Amino acid sequence: MPEFDRQLQNLSSAGYEIPPATVLRPLRDKASGNFILVIPADPAQAVAHTTLAGKSKPGRIDRNFKPGEPKNFVPVVEVPKAKAYLVFDVDRGEEYRNVRPEDAVAAITARGRSPLTIEEGLALITHHPEMLEKNKCFMLAGSRCGDRRVPALWISEGAPKLGWCWAGNPHTWLGTASAASRLG
């Protein structure tokens, strides 16, 4: 499948550790429709390999994170325990702009969907940088660190930025991204 191969090449070019063919082959066979190939990686390294569509300035971590802290944001949703997996029917959650993340997550799960994790959001903009647009950025409420912070991806100084917002605060420019399903 050409799209699977394109995404695999994106991750390889970005320095991700590529799993063996025995892990990837079954995923390639099941990849169809709107999917994102995810290979779990350190968020600080992954964001550094993202750019905005048509730009070259690398993404970065927001200054409000302590050094190494993005790794402490772990999935609070069920994700495959695999070296690579697929996420299907991704939506950046524009309808949840100006909605508190905790309310957005309740609505997302009521629809049988699941909020994206940090790793999934970074994979999304690695494969589809056009998904991160001015005033159409998104929270990654599928990852948390045990407090009220919700990670998010937005644009700052002409590049992607991984930061966080408070769970109870709505933002007019941040939706809450979600997926229909995951397959490992």
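See above for the structure.
Residues numbered from 1 in each chain as written. Predicted model: local features only at pLDDT ≥ 70, side-chain atom pairs only at ≥ 80, totals over all residues. Heavy atoms only, no water.

A.B. asks: Please set out the nonpolar core residue by residue, giving values where relevant.
C.D. replies: The nonpolar side chains of soluble globular proteins are, as a tendency, buried together. Counting 49 residues, the largest nonpolar core has Phe4, Leu37, Leu86, Val87, Leu116, Phe138 and Leu153 as its most contacted members. Among the elements that line this core, the one with the most residues is helix H5 (residues 118–127), at five residues. Residue contacts for phenylalanine 138: discarding those within four places in its chain leaves Arg92, Gly121, Leu124, Ile125, Met131, Leu132, Ala152, Leu153, Leu174, Gly175 and Ala177. (Core = buried A, V, L, I, M, F, W, Y, C linked by side-chain atoms within 4.5 Å. Buried < 20%, exposed > 50% of the residue type's maximum accessible area, 1.4 Å probe, protein only. Helix = DSSP H or I, 4+ residues; strand = E, 2+ residues; numbered from the N terminus. Contact = heavy atoms within 4.5 Å.)

A.B. asks: Quick one: what's the story with the packing of aromatic side chains, residue by residue and with numbers?
C.D. replies: Applying the stated rule across the entire model yields three aromatic pairs. Ring plane angle 90° and centroid distance 5.5 Å describe the contact between phenylalanine 65 and phenylalanine 73, whose orientation is recorded as edge-to-face. Given a relative accessible area of 6%, phenylalanine 65 falls into the buried group. Residue classification places phenylalanine 73 among the buried positions, given a relative accessible area of 5%. Residues tryptophan 154 and tryptophan 173 carry aromatic rings whose centres are separated by 5.7 Å and whose planes lie at 85° to one another, so their mutual orientation is edge-to-face. One end of the pair, tryptophan 154, is in strand E8 (residues 149–156); the other, tryptophan 173, is in the loop between strand E9 (159–166) and strand E10 (174–176), and 19 residues separate them in sequence. On the basis of relative accessible area, tryptophan 154 is assigned to the buried category, the value being 11%. (Phe/Tyr/Trp six-rings, centres within 6.5 Å; stacked < 30°, edge-to-face > 60°.)

A.B. asks: Can you tell me about the sheet that holds E9, naming the residues and giving the values?
C.D. replies: As summarised here, the arrangement of the five strands in space is E2-E9-E8-E6-E10, forming an open sheet in which the pairing is mixed. The open sheet terminates on both sides in strands that have one partner only, identified here as strand E2 (60–61) and E10. Bridge analysis of E2 against E9 gives two bridges, and the strand direction is parallel. Bridge pairing in E9 links isoleucine 61 to leucine 162. Sitting on the sheet, helix H4 (residues 101–110) touches strand E6 (137–139), E8, E9 and E10, and the angle it makes with E10 is about 35°. Together, E6, E8 and E9 form the strand contacts of H5, whose direction differs from that of E8 by roughly 15°. (Pairing = 2+ DSSP bridges. Axes fitted to C-alpha atoms, helices over the stretch in contact; angles between N-to-C directions.)

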